[in-house]
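# Architecture and fold: a report
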Amino acid sequence: MKHLGIFLASLACCFLIGASWKTKRVSVADCTNQSAYASYVSTAMGSWNEAGVVRLYKAACDGRADINIYLDYYEYPPIADTSFTRDSRDNITKATIRLNRNIFDLDWTHGVYTQYVTAHEMGHALGLGHNQVVPSVMSLTDGETYLPSYLDLQNLRNLYRNK
Ligand SMILES: [Zn+2]
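Residues numbered from 1 in each chain as written. Predicted model: local features only at pLDDT ≥ 70, side-chain atom pairs only at ≥ 80, totals over all residues.

As paired elements, strand E2 (residues 25–30) and strand E4 (residues 67–72) share three bridges and run parallel to each other. Counterpart to aspartate 30 in the pairing with E4 is isoleucine 69. (Pairing = 2+ DSSP bridges. Helix = DSSP H or I, 4+ residues; strand = E, 2+ residues; numbered from the N terminus.)

Right, dumping it as structure tokens:
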């Protein structure tokens, strides 16, 4: 996965350490209208669901989903970013993932890289920040994986342990 390294530093980070969902069932809407993208979303959701703490499930793109994934034009970098709303108790109440059209419209077959970005931003949407460990899909160096690793799943469990 060494080829991923050149991209990693251009992903946007966010300030959400410690925030998490109060509900254990979190809906995800793929609002990209890219049929080729659906499998990346499904794979990332299934992989995070293996942690067994938050159940991600697919929902329609009607504005009511908890996590919404959009294609959007904005200055590059970043390739993608995630933003949140949260309540006074640090519960995430809504998350928005934006994929930068300046990159993704060039080629929807980025393959493992698209998978990595999707799983990484979904990790943010669940409340995880970056780390320096390997293997980790949340690493900003070379995480050596394009899906959540056992370390990522454990970090997610830790984040929700006292919820
Ligand atoms: Zn990130």
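Back to the write-up after that little detour.
Our next topic: helix H2 (residues 38–49). Compared with the 16 Å implied by 1.5 Å per residue over twelve residues, the 16 Å span of H2 between its first and last C-alpha is a close match. Turning to H2, its buried residues are Tyr40, Val41, Ala44, Met45, Ser47 and Trp48. Projected down its long axis, H2 shows its buried positions confined to an angular sector of 165°, all on one face. Residues of H2 that are exposed and point over 90 degrees away from its buried face: Ala38, Ser39 and Gly46. Tucked inside the fold, the buried residues of H2 contact E2, strand E3 (55–58), E4, helix H4 (112–125) and helix H5 (150–160). (Expected span 1.5 Å × (residues − 1). Buried ≥ 20, exposed ≤ 12 C-beta atoms within 10 Å, placed from the backbone. Arc of directions from axis to C-beta. Contact = placed C-beta atoms within 7 Å.)

The next point concerns the nonpolar core. Among the nonpolar cores identified, the biggest contains 33 residues, and Val28, Ala44, Trp48, Ile67 and Leu126 are the most heavily contacted of them. Among the elements of the structure, E2, H2, E4, strand E6 (91–100), H4 and H5 are those that each provide at least two residues to this core. With residues near it in sequence (within four places) discarded, tryptophan 48 still touches Leu56, Met122, Leu126, Pro148 and Leu156. (Core = buried A, V, L, I, M, F, W, Y, C linked by C-beta atoms within 7 Å.)

Moving on: the environment of isoleucine 103. Here isoleucine 103 lies in helix H3 (residues 101–104). Along the sequence, isoleucine 103 and isoleucine 79 sit 24 residues apart, while their C-alpha atoms lie 6.5 Å from each other. When sequence neighbours within four positions are dropped, the list of residues in contact with isoleucine 103 reads Tyr76 and Ile79.

The next subject is the environment of threonine 118. Mapped onto the secondary structure, threonine 118 falls in helix H4. Classification of threonine 118 as buried rests on a count of 27 C-beta atoms within 10 Å. C-alpha of threonine 118 to C-alpha of threonine 43: the two residues are 75 residues apart in sequence and 9.2 Å apart in space. Not counting chain neighbours up to four residues away, the residues in contact with threonine 118 comprise Tyr40, Val41 and Ala44.

Here we come to the packing of H2 against H4. Interaxial distance between H2 and H4 falls to 9 Å at its minimum, and their mutual angle equals 50°. Taken together, the axes of H2 and H4 are oblique relative to one another. For the pair H2 and H4, the sense of crossing is right-handed. Of H4, the residues touching H2 (which contributes Tyr40, Val41, Thr43, Ala44, Ser47 and Trp48) are Thr114, Gln115, Thr118, Ala119 and Met122. In terms of residue class, the contact of H2 with H4 is built from six nonpolar, five polar and no charged. (Axes fitted to C-alpha atoms, helices over the stretch in contact; angles between N-to-C directions. Parallel < 35°, antiparallel > 145°, perpendicular 65-115°, else oblique. Left-handed = near helix turned anticlockwise from the far one by under 90°. Nonpolar A, V, L, I, M, F, W, Y, C, P; charged D, E, K, R; others polar.)

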